[in-house]
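Summary of the model geometry
Each chain is listed here by its residues.
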Amino acid sequence: MAKVRLVAYRKATSGSSTETAYELDLQEFPNISLNFKFADIREPEKRKANYSQTFKLPFTNKNNAFFQDWYNVNLETLVFDTRQKFDAILYVGTIPQFEGSLQLKSVYQKAGLYEAVLMSNSADLFSVIGNNKLRDVFKNDDG
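The text that follows walks through the structure, step by step, so that each part is easy to find. (Residues numbered from 1 in each chain as written. Predicted model: local features only at pLDDT ≥ 70, side-chain atom pairs only at ≥ 80, totals over all residues. Heavy atoms only, no water.)

This part is about the overall build of the protein chain. Broken down by element type, the protein chain carries 3 helices and 8 strands. Ordered by position from the N terminus, the helices and strands of the protein chain form the series β-β-β-β-β-α-β-β-β-α-α. In the protein chain, 53% of the contacts between residues at least 6 apart in sequence involve partners at least 24 apart. (Helix = DSSP H or I, 4+ residues; strand = E, 2+ residues; numbered from the N terminus. Contact = heavy atoms within 4.5 Å.)

What follows is the structure, encoded as structure tokens:
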């Protein structure tokens, strides 16, 4: 049976200009359920993104390095932020099975687990626009 691997990417420090790959440790028998949504081209506004069910990652040196010990409230400067998307790829053996963003949902400190989810990077016109008007989508943040 091929090994399941999860590789996530983020800057090692806030001053870094490139992203560093972090191979995260999964549980002994990882169970990451993926949901794939297939679009009907006749109804593009109903398109949904692919995602995973939540899954747990153990507190290990590798995982703590990526999440920067998120459970430690005494840390002052962090690169990891739950409001920011971090690219991740789920592999089975050497074959990518899912590419998207890793999001931390919760931390179970007593159990020593992070709970996370993978969200697809695929965005379409309707998910980018959302409830905005088309003219507002193309404006820069500074107006």
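There's plenty left to go through after this.
Moving on: the nonpolar core. Ranked by internal contacts, the top residues of the largest apolar core, which has 19 residues, are Leu 6, Leu 24, Phe 55, Leu 57, Phe 66, Leu 102 and Leu 118. Filtering out sequence-adjacent residues up to four positions away, Phe 55 remains in contact with Leu 6, Asn 31, Ile 32, Leu 102, Tyr 114, Glu 115, Ala 116, Val 117 and Leu 118. (Core = buried A, V, L, I, M, F, W, Y, C linked by side-chain atoms within 4.5 Å. Buried < 20%, exposed > 50% of the residue type's maximum accessible area, 1.4 Å probe, protein only.)

If you walk through the whole model with that rule in mind, you get 3 salt bridges. Residue Lys 56 pairs with Glu 115 through a salt bridge whose shortest N-O separation is 3.3 Å. Here Lys 56 is found in strand β5 (residues 55-58), whereas its partner Glu 115 is found in strand β8 (residues 113-120), with 59 residues between them in sequence. (Salt bridge = Lys/Arg side-chain N within 4 Å of Asp/Glu carboxyl O.)

Time to look at the packing of aromatic side chains. Considering all chains together, one arrives at 5 aromatic pairs under this definition. Look at Tyr 22 and Phe 66: their rings are 5.4 Å apart centre to centre, the planes differ by 65°, and that puts the pair in the edge-to-face class. In this pair, Tyr 22 is assigned in strand β2 (residues 19-24) and Phe 66 in helix α1 (residues 61-67), connecting sequence segments 44 residues apart. The burial state of Tyr 22 is the same as that of Phe 66; both residues are buried. Here the aromatic cluster, defined as three or more aromatic residues joined through ring pairs, consists of Tyr 22, Phe 59, Phe 66, Phe 67, Phe 86 and Tyr 114. (Phe/Tyr/Trp six-rings, centres within 6.5 Å; stacked < 30°, edge-to-face > 60°.)

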